[in-house]
Amino acid sequence: MPTTWNFFWTECFTSLVRHRSATITTLLQCISSLTVLGICLAFIINANYITLNFLNSLELVAFLRPEVTTAEAERLQVELTSVPGIAVVRYVNKEEAYRRAQELLSFPVSDMLGEGNPFPASFEIRATHAAALEHLQTYLQQVGAVEEVIGPGKYSTILPVMFFIQAACFFLTLILAGTTLFTIKNTIQLAIMVRRPEIRVMQLVGATPAFVRIPFLLEGLIYGTVGALVAWVVVTGSYAAIEGWILAKSPLTILARLPMVAFNELLVLSTVGALVGLMGALVSVDRHLTEKYLYSSPAGGTS
């Protein structure tokens, strides 16, 4: 068995070295296709990350009427926790609202609003999902203790845009995977055409289709794997540079962190590269072997 696999790997590397121009061209095309695929994947990862963070921050703020006491607010808070669509209810009293406002300003709040505390108490309400926001906003406006309800704003516009970006990148990924598959298929097919006499001799001495097929499958696997690894280095390196530049400008960023992006990129690119390489080689060699066996069969009239 080790001797057989040594033969397979020797045949594979011999083919790669013998057809240097085709090998380099195919590798460059695989790298370019998988790099663009990796860029699309980075967009998908960030779109998912931003969408998830945005959904987790979907909150309604219900401002209470001035006459509502703390005890009444606490009872209402308990009632709201049982309302479908509400995940978390946090009570913010007047003192905390004043303190928050002071933290945001570089000068005393009293200089702008005068003495006293004009801020109302409120509930910060996080929804379980975006679809529940409109229903909750209508419900809270009908609660007698609530004076005003403020929603998260443009969520109904932002979410469709995010989903559109995800869908567009997904379909572009499929197209690029198909392009890479087509490139590898053509290159393997060219190698098979050049080595047709050798394959014919192997068939005549009794080599099985699997024995003939394996070196070409290894060749396709090398194309896909090497292309994926180089593409991963290019994409993650570029992403690290962009993330570092953004963080240098501002520590607050909505981008997904590099470790998460690098892991997902490696997982997807290596899987897609290996599968596409194997599939491209398999399609080419099986088609050729089928044609050769049909051609060399007794029904074909040749010996």
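Residues numbered from 1 in each chain as written. Predicted model: local features only at pLDDT ≥ 70, side-chain atom pairs only at ≥ 80, totals over all residues. Heavy atoms only, no water.

Notes on the overall build of the chain
In plain terms, the rule: The way it works is that DSSP assigns letters per residue, a run of H or I at least four long becomes a helix, a run of E at least two long becomes a strand, and they are numbered from the N terminus. Contact definition: two residues touch when any of their heavy atoms are within 4.5 Å. Calculation of accessible area relied on Shrake-Rupley with a 1.4 Å probe; when residues are assessed, cover is drawn exclusively from the protein chains displayed.
A tally of helices and strands in the chain yields ten helices and four strands. What you see in the chain, going N to C, is helices and strands ordered as α-α-β-α-β-α-α-β-α-β-α-α-α-α. At a minimum sequence separation of 6, the contacts of the chain that also span at least 24 residues come to 82%. Per element, the accessible surface of the chain, about 17000 Å² overall, is 68% carbon and sulfur.

Some remarks on the environment of Gly-178
For Gly-178, the location among the structural elements is in helix H7 (residues 155–194). Spatially, the C-alpha atoms of Gly-178 and Val-276 are 8.1 Å apart, while their sequence positions differ by 98 residues.

Observations regarding the pattern of salt bridges
To keep it simple, the criterion reads: We count a salt bridge whenever a side-chain nitrogen from Lys or Arg sits within 4 Å of a carboxyl oxygen from Asp or Glu. Accessible area is worked out with a 1.4 Å probe on protein chains only. A residue is then buried under 20% of its type maximum, exposed over 50%, and partly exposed in between.
Across all of its chains, the model carries three salt bridges by this definition. Between Glu-96 and Arg-90 there is a salt bridge, with its nearest N and O atoms 3.0 Å apart. A residue is classified by how much of its surface remains accessible, and Arg-90, at 37% relative accessible area, is partly exposed. The salt bridge involving Arg-99 is made with Glu-96; its shortest N-O contact spans 3.7 Å. Taken together, the positions of Arg-99 and Glu-96, both in helix H4 (residues 94–104) and three residues apart, correspond to about one turn of that helix. The class for Glu-96 is buried, based on a relative accessible area of 16%.

Focus: the packing of aromatic side chains
Pairs of aromatic rings are described using the distance from one ring centre to the other and the angle between the two planes. Note the cut-off: The pairing test for Phe, Tyr and Trp rings, Trp by its six-membered ring, is centres within 6.5 Å, and the orientation test on the planes gives stacked under 30 degrees, edge-to-face over 60, and tilted for anything in between.
A complete count under the given rule lists two aromatic pairs for this structure. With 5.6 Å between their ring centres and 55° between their planes, Tyr-91 and Phe-123 make a pair best called tilted. Linking Tyr-91 in strand S2 (residues 86–92) with Phe-123 in strand S3 (residues 122–127), this pair joins segments that are 32 residues apart in sequence. Note on Tyr-98 and Phe-119: the rings are 6.1 Å apart at their centroids and 75° apart in plane angle, and the pair reads as edge-to-face. Highlighted residues: Tyr-98 in helix H4 and Phe-119 in the loop between helix H5 (109–113) and S3, separated in sequence by 21 residues.

Section: the pairing of strand S1 (residues 59–64)
Let me state the cut-off plainly: The rule for pairing is simple: two strands pair if DSSP sees at least two bridges between them.
Residues Leu-60, Ala-62 and Leu-64 line the buried face of S1, whereas the alternating positions Glu-59, Val-61 and Phe-63 sit on a face that is not buried. Bridge count for S1 against S3 is five bridges, and the pairing is antiparallel. If you follow Glu-59 over to S3, its bridge partner there is Arg-126. Where S1 and strand S4 (residues 146–150) come together, four bridges link them in antiparallel fashion.

Examining a nonpolar patch on the surface
Here is the rule we go by: Residues qualify for a patch when their relative accessible area is over 30% and they have no salt bridge, like charges being joined within 9 Å and the nonpolar side chains of Val, Leu, Ile, Met, Phe, Trp and Tyr within 5 Å.
A cluster of nonpolar residues, Ile-39, Phe-43, Val-161, Phe-164 and Ile-165, forms a patch on the protein surface that exposes about 480 Å² of accessible area. Topologically, Val-161 is positioned in helix H7.

Points about helix H6 (residues 133–141)
Convention followed: Here, the arc refers to the directions that run from the helix axis to the C-beta atoms.
Every buried residue of H6 is listed here: Leu-133, Leu-136 and Leu-140. Around the axis of H6, the buried residues are gathered within 65° of arc, so they sit on the same side. In H6, the exposed positions angled more than 90 degrees off the buried face are occupied by Glu-134 and Gln-141.

As for a negative patch on the surface
Basically, it comes down to this: Note that His is not counted, nor are the chain ends; the positive residues are Lys and Arg, and the negative ones are Asp and Glu. A charged residue contributes its charge at one atom only: NZ of Lys, CZ of Arg, CG of Asp or CD of Glu.
Where like charges cluster on the molecular surface, the negative patch consists of Glu-67, Glu-72, Glu-147 and Glu-148. In this structure, Glu-67 sits in the loop between S1 and helix H3 (70–80).

Quick notes on the sheet that holds S4
What counts is decided by this rule: Axis geometry follows a simple rule: fit a line to the C-alpha atoms, using only the stretch in contact for helices, then measure angles between N-to-C directions, giving values from 0 to 180 degrees.
The four strands lie next to each other as S2-S3-S1-S4, forming an open sheet whose pairing is antiparallel. Two strands lie at the open edges of the sheet, namely S2 and S4, each paired on one side alone. Taken pair by pair, the neighbouring strands of this sheet meet at an average axis angle of 20°, ignoring direction. Relative to the sheet, H3 contacts S1, S2 and S3, its axis offset from that of S2 by approximately 170°. Contacts from H6 reach S1, S2, S3 and S4 within the one sheet, and its direction differs from that of S1 by about 5°.

Let's talk about the confidence of the model for the chain
Just so we agree on the cut-off: Note on scores: pLDDT gives the predictor's confidence for each residue, bounded by 0 and 100.
For the chain, the average pLDDT comes to 77, and 81% of its residues sit at 70 or higher. Predicted confidence in the chain is weakest over H5, with a mean pLDDT of 67, and strongest over H3, with 87. Low pLDDT, under 50, characterises residues 292–303; the predicted model gives this stretch 13 contacts beyond four residues in sequence or across chains.

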